[in-house]
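What follows is each chain in one-letter form.
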Amino acid sequence: MCNFRQTNPTMNTIYIDQKEILKRYKYIDKQTHKGIQGHALLIGGSYGKIGSVCLSSKAALKTGCGLVTAFVPKCGYEIVQISIPEVTVLTDVQEKFISNITFEIEPQAIAIGPGIGQELATQNALHEFLKTNTIPLVIDADALNILSQNKSWLSLLAPKTIITPHPKELERLIGKWNSEEEKFEKTKLFSKQYNLIVVMKGAPTHTIDGETIYENSTGNAALATAGSGDVLTGMITSLLAQSYEPVNAAILGIYLHGLTADIALPETGYQSFIASNVIENIGKAYLTLENAQK
Ligand SMILES: NC(=O)C1=CN([C@@H]2O[C@H](COP(=O)(O)OP(=O)(O)OC[C@H]3O[C@@H](n4cnc5c(N)ncnc54)[C@H](O)[C@@H]3O)[C@@H](O)[C@H]2O)[C@@H](O)CC1
Ligand SMILES: Nc1ncnc2c1ncn2[C@@H]1O[C@H](COP(=O)(O)OP(=O)(O)O)[C@@H](O)[C@H]1O
Ligand SMILES: [Mg+2]
(Lines give C-alpha, C1' and ligand atoms only; values in the text may rest on other atoms or scores of the structure.)
(Ligands and ions follow the chains in the order given, each with its own letter.)
Protein backbone atom coordinates (compact mmCIF):
# COMPACT_ATOMS: atom_id res chain seq x y z
CA MET A 1 0.00 0.00 0.00
CA CYS A 2 1.29 3.43 -0.94
CA ASN A 3 0.60 6.65 0.84
CA PHE A 4 -1.41 8.38 -1.91
CA ARG A 5 -2.24 12.00 -1.57
CA GLN A 6 -4.57 13.99 -3.77
CA THR A 7 -2.82 17.38 -3.99
CA ASN A 8 -4.74 18.27 -7.09
CA PRO A 9 -7.70 16.63 -8.78
CA THR A 10 -5.61 15.63 -11.81
CA MET A 11 -2.61 14.17 -10.07
CA ASN A 12 -2.01 11.22 -7.81
CA THR A 13 0.95 11.92 -5.59
CA ILE A 14 2.74 9.47 -3.32
CA TYR A 15 3.81 11.22 -0.13
CA ILE A 16 7.31 10.09 0.82
CA ASP A 17 7.50 9.82 4.59
CA GLN A 18 9.52 7.46 6.78
CA LYS A 19 7.04 4.63 6.20
CA GLU A 20 7.48 4.83 2.42
CA ILE A 21 11.26 5.14 2.79
CA LEU A 22 11.49 2.05 4.98
CA LYS A 23 9.87 0.04 2.16
CA ARG A 24 12.74 1.04 -0.10
CA TYR A 25 15.71 1.29 2.28
CA LYS A 26 18.27 -1.53 2.06
CA TYR A 27 20.05 -2.46 5.29
CA ILE A 28 23.80 -2.92 5.03
CA ASP A 29 25.12 -6.43 4.48
CA LYS A 30 27.48 -7.22 7.37
CA GLN A 31 29.82 -9.04 4.93
CA THR A 32 30.08 -6.17 2.44
CA HIS A 33 33.39 -4.60 1.37
CA LYS A 34 34.34 -1.49 -0.54
CA GLY A 35 34.68 -3.46 -3.78
CA ILE A 36 31.00 -4.39 -3.83
CA GLN A 37 29.60 -1.36 -2.03
CA GLY A 38 29.39 0.65 -5.28
CA HIS A 39 31.75 2.97 -7.15
CA ALA A 40 30.48 6.45 -8.06
CA LEU A 41 32.11 8.77 -10.59
CA LEU A 42 31.43 12.50 -10.30
CA ILE A 43 32.27 14.53 -13.40
CA GLY A 44 32.30 18.29 -13.04
CA GLY A 45 34.08 21.43 -11.93
CA SER A 46 35.75 24.29 -13.75
CA TYR A 47 38.09 27.08 -12.65
CA GLY A 48 36.50 28.66 -9.55
CA LYS A 49 33.86 25.95 -9.22
CA ILE A 50 35.86 22.91 -8.12
CA GLY A 51 34.10 23.19 -4.75
CA SER A 52 30.91 21.85 -6.32
CA VAL A 53 32.58 18.52 -7.21
CA CYS A 54 34.23 18.36 -3.78
CA LEU A 55 30.77 18.66 -2.21
CA SER A 56 29.22 16.05 -4.54
CA SER A 57 32.12 13.63 -4.03
CA LYS A 58 32.18 13.90 -0.26
CA ALA A 59 28.39 13.53 -0.13
CA ALA A 60 28.64 10.39 -2.29
CA LEU A 61 31.15 8.85 0.12
CA LYS A 62 29.13 9.78 3.19
CA THR A 63 26.01 8.24 1.61
CA GLY A 64 27.75 4.92 1.66
CA CYS A 65 29.26 3.88 -1.64
CA GLY A 66 32.58 2.07 -1.34
CA LEU A 67 34.61 4.07 -3.82
CA VAL A 68 34.32 7.58 -5.23
CA THR A 69 36.24 9.06 -8.13
CA ALA A 70 36.09 12.69 -9.25
CA PHE A 71 36.83 13.69 -12.85
CA VAL A 72 37.86 17.36 -12.92
CA PRO A 73 39.94 19.78 -15.01
CA LYS A 74 43.64 19.80 -14.09
CA CYS A 75 43.26 22.85 -11.83
CA GLY A 76 41.04 20.73 -9.57
CA TYR A 77 43.56 17.96 -8.92
CA GLU A 78 45.14 19.22 -5.70
CA ILE A 79 41.94 20.84 -4.46
CA VAL A 80 40.03 17.56 -4.47
CA GLN A 81 42.97 15.45 -3.23
CA ILE A 82 43.62 17.76 -0.30
CA SER A 83 40.05 18.50 0.68
CA ILE A 84 38.83 14.87 0.48
CA PRO A 85 41.73 12.38 0.65
CA GLU A 86 39.34 9.40 0.45
CA VAL A 87 38.38 10.35 -3.13
CA THR A 88 40.47 9.29 -6.14
CA VAL A 89 40.93 11.90 -8.84
CA LEU A 90 41.12 11.76 -12.63
CA THR A 91 41.90 14.87 -14.63
CA ASP A 92 41.02 16.23 -18.03
CA VAL A 93 43.78 17.35 -20.40
CA GLN A 94 42.63 20.97 -20.01
CA GLU A 95 43.60 23.16 -17.07
CA LYS A 96 40.39 25.12 -16.41
CA PHE A 97 37.49 23.17 -17.90
CA ILE A 98 36.50 19.70 -19.02
CA SER A 99 37.08 18.95 -22.72
CA ASN A 100 37.43 15.17 -23.12
CA ILE A 101 35.77 12.67 -20.79
CA THR A 102 37.72 9.41 -20.90
CA PHE A 103 38.40 6.98 -18.07
CA GLU A 104 39.35 3.35 -17.57
CA ILE A 105 37.47 2.69 -14.36
CA GLU A 106 34.10 0.88 -14.26
CA PRO A 107 31.81 2.83 -11.94
CA GLN A 108 28.25 1.66 -11.26
CA ALA A 109 26.88 5.21 -11.42
CA ILE A 110 27.98 8.55 -12.83
CA ALA A 111 26.95 12.14 -12.15
CA ILE A 112 27.77 14.92 -14.55
CA GLY A 113 27.27 18.66 -14.28
CA PRO A 114 28.05 20.32 -10.94
CA GLY A 115 30.26 23.33 -11.62
CA ILE A 116 31.12 22.06 -15.11
CA GLY A 117 30.47 25.39 -16.86
CA GLN A 118 29.38 25.86 -20.46
CA GLU A 119 32.61 26.23 -22.49
CA LEU A 120 32.16 25.04 -26.07
CA ALA A 121 34.74 22.29 -25.50
CA THR A 122 32.78 21.15 -22.45
CA GLN A 123 29.56 21.08 -24.48
CA ASN A 124 31.28 18.88 -27.10
CA ALA A 125 32.71 16.63 -24.39
CA LEU A 126 29.24 16.18 -22.88
CA HIS A 127 27.84 15.30 -26.32
CA GLU A 128 30.55 12.69 -26.96
CA PHE A 129 30.08 11.27 -23.45
CA LEU A 130 26.30 10.95 -23.86
CA LYS A 131 26.71 9.18 -27.21
CA THR A 132 28.65 6.31 -25.66
CA ASN A 133 27.73 6.16 -21.97
CA THR A 134 25.81 3.08 -20.80
CA ILE A 135 26.29 3.52 -17.03
CA PRO A 136 23.35 4.74 -14.85
CA LEU A 137 23.51 8.52 -14.87
CA VAL A 138 22.51 11.62 -12.88
CA ILE A 139 22.58 14.95 -14.73
CA ASP A 140 22.68 18.26 -12.88
CA ALA A 141 23.47 21.98 -13.09
CA ASP A 142 25.35 23.20 -16.17
CA ALA A 143 25.08 19.82 -17.91
CA LEU A 144 21.30 20.45 -17.82
CA ASN A 145 21.79 23.98 -19.13
CA ILE A 146 23.86 22.59 -22.02
CA LEU A 147 21.09 20.06 -22.77
CA SER A 148 18.56 22.91 -22.75
CA GLN A 149 20.48 24.49 -25.61
CA ASN A 150 20.85 21.18 -27.47
CA LYS A 151 17.49 19.46 -26.95
CA SER A 152 18.18 16.80 -29.62
CA TRP A 153 20.81 15.34 -27.27
CA LEU A 154 18.06 14.39 -24.80
CA SER A 155 17.27 11.37 -26.99
CA LEU A 156 20.77 10.05 -26.24
CA LEU A 157 19.87 9.53 -22.58
CA ALA A 158 19.26 5.96 -21.44
CA PRO A 159 15.83 5.19 -19.95
CA LYS A 160 15.48 6.25 -16.30
CA THR A 161 18.37 8.66 -16.39
CA ILE A 162 17.87 11.01 -13.41
CA ILE A 163 17.88 14.75 -13.96
CA THR A 164 17.92 17.17 -11.01
CA PRO A 165 16.89 20.67 -12.13
CA HIS A 166 16.15 23.57 -9.80
CA PRO A 167 13.20 25.68 -11.03
CA LYS A 168 15.31 27.87 -13.34
CA GLU A 169 17.04 24.85 -14.89
CA LEU A 170 13.64 23.16 -15.30
CA GLU A 171 12.28 26.25 -17.07
CA ARG A 172 15.25 26.19 -19.45
CA LEU A 173 14.42 22.55 -20.25
CA ILE A 174 10.62 22.60 -20.55
CA GLY A 175 9.79 26.30 -21.06
CA LYS A 176 7.76 28.64 -18.87
CA TRP A 177 4.59 27.63 -17.05
CA ASN A 178 1.63 29.74 -15.91
CA SER A 179 0.50 27.69 -12.92
CA GLU A 180 1.72 24.92 -10.64
CA GLU A 181 -0.63 22.53 -12.41
CA GLU A 182 0.86 23.40 -15.79
CA LYS A 183 4.37 22.94 -14.39
CA PHE A 184 3.52 19.40 -13.30
CA GLU A 185 1.75 18.56 -16.56
CA LYS A 186 4.69 19.81 -18.66
CA THR A 187 7.19 17.96 -16.48
CA LYS A 188 5.22 14.71 -16.70
CA LEU A 189 5.08 15.04 -20.49
CA PHE A 190 8.83 15.69 -20.59
CA SER A 191 9.51 12.71 -18.30
CA LYS A 192 7.40 10.45 -20.54
CA GLN A 193 8.78 11.79 -23.82
CA TYR A 194 12.39 11.02 -22.87
CA ASN A 195 11.72 8.29 -20.25
CA LEU A 196 13.55 10.27 -17.58
CA ILE A 197 13.21 10.62 -13.82
CA VAL A 198 12.86 14.32 -13.13
CA VAL A 199 13.76 15.60 -9.67
CA MET A 200 11.94 18.95 -9.49
CA LYS A 201 13.93 20.59 -6.73
CA GLY A 202 12.02 23.01 -4.55
CA ALA A 203 10.13 23.30 -1.29
CA PRO A 204 9.12 20.53 -1.27
CA THR A 205 10.95 18.54 -3.94
CA HIS A 206 8.86 16.35 -6.25
CA THR A 207 10.19 13.42 -8.25
CA ILE A 208 8.36 12.71 -11.50
CA ASP A 209 8.55 9.28 -13.12
CA GLY A 210 6.10 9.36 -16.00
CA GLU A 211 2.61 9.72 -14.50
CA THR A 212 3.78 9.13 -10.93
CA ILE A 213 4.68 12.00 -8.63
CA TYR A 214 6.54 11.49 -5.35
CA GLU A 215 6.35 14.36 -2.87
CA ASN A 216 9.17 14.57 -0.33
CA SER A 217 8.30 15.24 3.31
CA THR A 218 11.65 16.40 4.73
CA GLY A 219 13.75 19.57 4.47
CA ASN A 220 13.38 23.25 5.25
CA ALA A 221 14.57 26.69 4.17
CA ALA A 222 18.04 26.08 5.63
CA LEU A 223 18.72 24.22 2.36
CA ALA A 224 18.52 27.51 0.43
CA THR A 225 22.31 27.75 0.38
CA ALA A 226 25.07 27.40 -2.25
CA GLY A 227 26.06 23.85 -3.01
CA SER A 228 23.14 22.06 -1.35
CA GLY A 229 22.04 20.80 -4.79
CA ASP A 230 25.58 19.62 -5.56
CA VAL A 231 25.41 17.58 -2.34
CA LEU A 232 22.06 16.08 -3.37
CA THR A 233 23.55 14.99 -6.69
CA GLY A 234 26.36 13.16 -4.88
CA MET A 235 23.89 11.46 -2.54
CA ILE A 236 21.60 10.21 -5.33
CA THR A 237 24.58 9.02 -7.38
CA SER A 238 25.94 7.13 -4.38
CA LEU A 239 22.63 5.30 -3.94
CA LEU A 240 22.49 4.53 -7.66
CA ALA A 241 26.00 3.06 -7.39
CA GLN A 242 24.75 0.96 -4.45
CA SER A 243 22.23 -0.71 -6.79
CA TYR A 244 19.11 1.18 -5.85
CA GLU A 245 16.62 1.42 -8.71
CA PRO A 246 16.90 4.94 -10.17
CA VAL A 247 13.56 6.16 -8.82
CA ASN A 248 14.35 4.80 -5.34
CA ALA A 249 17.84 6.34 -5.42
CA ALA A 250 16.22 9.70 -6.15
CA ILE A 251 13.48 9.36 -3.52
CA LEU A 252 15.79 8.12 -0.75
CA GLY A 253 18.52 10.65 -1.59
CA ILE A 254 16.05 13.53 -1.46
CA TYR A 255 14.52 12.26 1.81
CA LEU A 256 17.91 11.89 3.57
CA HIS A 257 19.12 15.26 2.20
CA GLY A 258 16.07 17.05 3.62
CA LEU A 259 16.29 15.17 6.90
CA THR A 260 19.84 16.44 7.49
CA ALA A 261 18.49 19.99 7.52
CA ASP A 262 15.67 19.03 9.90
CA ILE A 263 18.18 17.36 12.24
CA ALA A 264 20.66 20.26 12.16
CA LEU A 265 18.12 23.07 12.47
CA PRO A 266 18.04 23.27 16.30
CA GLU A 267 21.82 23.82 16.27
CA THR A 268 22.39 25.92 13.16
CA GLY A 269 19.14 27.81 12.68
CA TYR A 270 18.10 28.51 9.09
CA GLN A 271 20.74 31.10 8.32
CA SER A 272 24.01 29.48 9.34
CA PHE A 273 23.35 26.06 7.83
CA ILE A 274 25.63 25.44 4.82
CA ALA A 275 25.98 22.61 2.30
CA SER A 276 28.77 20.99 4.34
CA ASN A 277 26.28 20.66 7.22
CA VAL A 278 24.14 18.43 4.98
CA ILE A 279 27.15 16.15 4.55
CA GLU A 280 27.94 16.18 8.29
CA ASN A 281 24.42 15.03 9.16
CA ILE A 282 23.94 12.23 6.62
CA GLY A 283 24.98 9.67 9.24
CA LYS A 284 22.35 10.88 11.72
CA ALA A 285 19.72 10.85 8.98
CA TYR A 286 20.56 7.20 8.19
CA LEU A 287 20.42 6.32 11.88
CA THR A 288 16.79 7.44 12.10
CA LEU A 289 16.02 4.66 9.59
CA GLU A 290 18.16 2.09 11.41
CA ASN A 291 16.55 3.01 14.75
CA ALA A 292 13.01 2.99 13.32
CA GLN A 293 13.44 -0.71 12.64
CA LYS A 294 14.31 -1.62 16.26
N1 LIG B 1 31.07 25.91 -4.63
C2 LIG B 1 30.80 25.79 -5.93
O3 LIG B 1 31.67 25.53 -6.75
C4 LIG B 1 29.39 25.96 -6.38
C5 LIG B 1 29.11 25.83 -7.74
N6 LIG B 1 27.87 25.91 -8.21
C7 LIG B 1 27.72 25.71 -9.66
O8 LIG B 1 27.50 26.96 -10.27
C9 LIG B 1 26.84 26.78 -11.50
C10 LIG B 1 25.70 27.74 -11.60
O11 LIG B 1 24.62 27.29 -10.79
P12 LIG B 1 23.43 28.20 -10.32
O13 LIG B 1 22.34 27.30 -9.87
O14 LIG B 1 23.89 29.24 -9.35
O15 LIG B 1 23.03 28.99 -11.65
P16 LIG B 1 21.68 29.16 -12.43
O17 LIG B 1 21.79 30.33 -13.30
O18 LIG B 1 21.26 27.89 -13.06
O19 LIG B 1 20.64 29.47 -11.28
C20 LIG B 1 20.66 30.65 -10.55
C21 LIG B 1 19.33 31.35 -10.70
O22 LIG B 1 18.26 30.38 -10.75
C23 LIG B 1 17.17 30.81 -10.03
N24 LIG B 1 16.82 29.83 -9.00
C25 LIG B 1 17.63 28.94 -8.40
N26 LIG B 1 16.95 28.23 -7.50
C27 LIG B 1 15.69 28.67 -7.55
C28 LIG B 1 14.52 28.33 -6.87
N29 LIG B 1 14.50 27.36 -5.93
N30 LIG B 1 13.40 28.98 -7.15
C31 LIG B 1 13.40 29.94 -8.10
N32 LIG B 1 14.48 30.32 -8.80
C33 LIG B 1 15.61 29.68 -8.52
C34 LIG B 1 17.53 32.13 -9.41
O35 LIG B 1 16.98 33.14 -10.23
C36 LIG B 1 19.03 32.18 -9.48
O37 LIG B 1 19.54 33.47 -9.66
C38 LIG B 1 26.42 25.29 -11.55
O39 LIG B 1 27.30 24.57 -12.38
C40 LIG B 1 26.56 24.85 -10.12
O41 LIG B 1 26.84 23.46 -10.00
C42 LIG B 1 26.71 26.12 -7.36
O43 LIG B 1 26.16 24.85 -7.12
C44 LIG B 1 27.07 26.80 -6.05
C45 LIG B 1 28.31 26.23 -5.39
N1 LIG C 1 13.24 26.85 0.95
C2 LIG C 1 13.64 25.60 0.75
N3 LIG C 1 13.04 24.57 1.39
C4 LIG C 1 13.44 23.29 1.19
N5 LIG C 1 14.43 22.93 0.34
C6 LIG C 1 15.06 23.91 -0.32
C7 LIG C 1 14.71 25.28 -0.17
N8 LIG C 1 15.52 26.02 -0.97
C9 LIG C 1 16.34 25.16 -1.60
N10 LIG C 1 16.06 23.89 -1.21
C11 LIG C 1 16.73 22.68 -1.67
O12 LIG C 1 18.13 22.94 -1.80
C13 LIG C 1 18.66 22.39 -3.00
C14 LIG C 1 19.20 23.53 -3.89
O15 LIG C 1 19.72 22.99 -5.08
P16 LIG C 1 20.42 23.93 -6.16
O17 LIG C 1 19.57 25.11 -6.43
O18 LIG C 1 20.79 23.06 -7.29
O19 LIG C 1 21.72 24.40 -5.37
P20 LIG C 1 23.27 24.50 -5.83
O21 LIG C 1 23.30 24.52 -7.33
O22 LIG C 1 23.75 25.79 -5.23
O23 LIG C 1 23.97 23.32 -5.27
C24 LIG C 1 17.53 21.58 -3.63
O25 LIG C 1 17.56 20.26 -3.17
C26 LIG C 1 16.27 22.30 -3.07
O27 LIG C 1 15.14 21.47 -3.03
MG1 LIG D 1 22.44 23.18 -8.61
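Residues numbered from 1 in each chain as written. Chains lettered and ligands numbered in written order. Predicted model: local features only at pLDDT ≥ 70, side-chain atom pairs only at ≥ 80, totals over all residues. Heavy atoms only, no water.

Taking an unreviewed UniProt entry as the reference, the protein is identified by name as ADP-dependent (S)-NAD(P)H-hydrate dehydratase belonging to Flavobacterium xanthum. In its Cofactor (unreviewed entry) section, the UniProt entry covering the protein states "Mg(2+)". (UniProt positions renumbered as here; feature names shortened; annotations may be inferred.)

Student: Before we go on, may I ask you to explain the site of ligand 2 in this structure?
Tutor: Around ligand 2 lies a shell of 16 residues, among which Lys201, Gly202, Gly227, Gly229 and Asp230 are the nearest. Within the side chain of Ser228, a nitrogen or oxygen atom sits 3.0 Å from an oxygen atom of ligand 2. Contact between ligand 2 and Asp230: an oxygen atom at 2.9 Å from a main-chain N or O atom of the residue. Burial of ligand 2 by the protein chains amounts to 76% of its free accessible area of 580 Å². Cavity membership is defined here by more than half of the atoms lying within 2 Å of grid points; on that basis ligand 2 lies in the largest pocket. In terms of residue count, the dominant contributor to the shell around ligand 2 is helix H8 (residues 228-241) (four residues). (Near = heavy atom within 4 Å. Polar contact = N/O pair within 3.5 Å; in protein donor to acceptor, adjacent residues only side chain to side chain. Areas by Shrake-Rupley, 256 points an atom, 1.4 Å probe, with all protein chains shown as cover. 1 Å grid on protein atoms, 1.4 Å probe; cavity = no way out; pocket = protein on both sides within 12 Å on 5 of 7 lines; lining within 4 Å. Sits in = over half its atoms within 2 Å of the grid points. Helix = DSSP H or I, 4+ residues; strand = E, 2+ residues; numbered from the N terminus.)

Student: Explain empty space enclosed by the protein here, please?
Tutor: Rolling a probe over the atoms, with the probe sized like a water molecule, indicates the empty space that remains. With the rule as written, the count across this model stands at one cavity of 30 Å³ or more. For the largest cavity, the full set of lining residues is Ile16, Thr205, His206, Thr207, Tyr214, Glu215, Asn216, Ile251 and Ile254. Mapped by element, the contributors of at least two residues to the lining of the largest cavity are strand S10 (206-209), strand S11 (212-216) and helix H9 (246-268). Residue contributions to the lining of the largest cavity peak at three residues, all from S11. Class assignment of the residues belonging to the lining of the largest cavity gives a composition of four nonpolar, four polar and one charged. (Points joined across faces, edges and corners; volume = space filled by probe spheres on them. Nonpolar A, V, L, I, M, F, W, Y, C, P; charged D, E, K, R; others polar.)

Student: What exactly am I supposed to notice about the pattern of salt bridges here?
Tutor: Opposite charge on two side chains makes pairing possible when the charged atoms of those side chains draw close. A complete count under the given rule lists 11 salt bridges for this structure. A salt bridge links Glu180 to Lys183; its shortest N-O distance comes to 3.3 Å. With Glu180 and Lys183 both in helix H7 (residues 180-194) and three residues apart, the pair spans about one turn of that helix. Taking the relative accessible area as the measure of exposure, Lys183 reaches 14% and is therefore buried. Put simply, Lys188 and Glu185 hold a salt bridge, and the shortest N to O gap is 3.4 Å. Taken together, the residues Lys188 and Glu185, both in helix H7 and three residues apart, mark about one turn of the helix. Glu185 sits in the partly exposed class, given a relative accessible area of 32%. (Salt bridge = Lys/Arg side-chain N within 4 Å of Asp/Glu carboxyl O. Buried < 20%, exposed > 50% of the residue type's maximum accessible area, 1.4 Å probe, protein only.)

Student: Before we go on, may I ask you to explain the nonpolar core in this structure?
Tutor: Nonpolar side chains in soluble globular proteins tend to end up buried together. In terms of nonpolar packing, the biggest core is built from 57 residues, with Val80, Ile162, Val231, Ile236 and Leu252 touching the most fellow members. A per-element tally of this core places H9 first, with 11 residues. Apart from the residues within four sequence positions on either side, Ile162 is in contact with Leu137, Val138, Ile139, Ile197, Val199, Ile236, Leu240, Pro246 and Ala250. If you look at the next biggest cluster of nonpolar residues, it comprises 33 residues, including Phe71, Leu196, Met200 and Ile208. (Core = buried A, V, L, I, M, F, W, Y, C linked by side-chain atoms within 4.5 Å. Contact = heavy atoms within 4.5 Å.)

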